[in-house]
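# Topology and contacts: notes
Chain residues, written in single-letter form:
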Amino acid sequence: ESDAGDYTCVCGDKQSTASLAVHALPVLFKEELKNEEVQEGESVSLRCELTKAAPVQWKIGSKVLKASDKYQMKQDGTTTELVIHDLQVKDA
């Protein structure tokens, strides 16, 4: 997308200009989340990989999760991870 714009070819006092539009590809899941079974009191890491780096939002049901002592969010390029600490039955 950053390559979009007007390009000009100049030869002496002559020039030709063209406008270049770049359409972004949609972000897709390269590797999806996997189901997990974990004991109460432990931690779990949920990880997925995208086709390109993009901001993500983690939810449980319709509730958006925020970083805290319980929820740790990490993103490294196209890989994103949610770590849930001190799991309780209600976290299922």
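This text follows the structure it describes.
Keep in mind that this is a model prediction, so the values were computed, not measured.

Space inside the largest pocket adds up to approximately 440 Å³. Along its surface, the largest pocket is lined by 21 residues, and V44, I84, L87, D91 and A92 are the ones closest to its centre. Mapped onto the lining of the largest pocket, the elements with two or more residues apiece are strand 4 (44-50), strand 5 (59-60) and strand 8 (79-84). Residues that form the lining of the largest pocket fall into these classes: 13 nonpolar, three polar and five charged.

Bringing unusual backbone geometry into the picture now. Phi angles above zero are rare outside glycine, and D86 is one such case at about 50°. Counting through the fold element by element, D86 comes out in the segment after strand 8.

Overall, antiparallel pairing links the four strands, which are arranged 3-4-8-7 in an open sheet. Each edge of the open sheet carries a strand with a single partner, namely strand 3 (29-31) and strand 7 (71-76). Ignoring strand direction, the axes of neighbouring strands in this sheet form an average angle of 30°. The sheet contact formed by strand 7 and strand 8 spans six bridges and is antiparallel. The partner of Y71 across the bridge, within strand 8, is I84.

The next thing to look at is the pattern of salt bridges. For the structure on display, the rule yields four salt bridges. With a shortest N-O distance of 3.9 Å, K30 and E49 are connected by a salt bridge. You can see K30 sitting in strand 3 and its partner E49 sitting in strand 4, a full 19 residues away along the chain. What makes E49 partly exposed here is its relative accessible area of 21%.

This part covers the pairing of strand 4. Sheet analysis places strand 3 next to strand 4, joined by two bridges and oriented antiparallel. The partner of F29 across the bridge, within strand 4, is L50. Where strand 4 lies against strand 8, six bridges are found, and the strand directions are antiparallel. Residue pairing in the sheet places L46 in a bridge with L82 of strand 8.

Reading guide: rules and limits
- Residues numbered from 1 in each chain as written.
- Predicted model: local features only at pLDDT ≥ 70, side-chain atom pairs only at ≥ 80, totals over all residues.
- Heavy atoms only, no water.
- 1 Å grid on protein atoms, 1.4 Å probe; cavity = no way out; pocket = protein on both sides within 12 Å on 5 of 7 lines; lining within 4 Å.
- Points joined across faces, edges and corners; volume = space filled by probe spheres on them.
- Helix = DSSP H or I, 4+ residues; strand = E, 2+ residues; numbered from the N terminus.
- Nonpolar A, V, L, I, M, F, W, Y, C, P; charged D, E, K, R; others polar.
- Pairing = 2+ DSSP bridges.
- Axes fitted to C-alpha atoms, helices over the stretch in contact; angles between N-to-C directions.
- Salt bridge = Lys/Arg side-chain N within 4 Å of Asp/Glu carboxyl O.
- Buried < 20%, exposed > 50% of the residue type's maximum accessible area, 1.4 Å probe, protein only.

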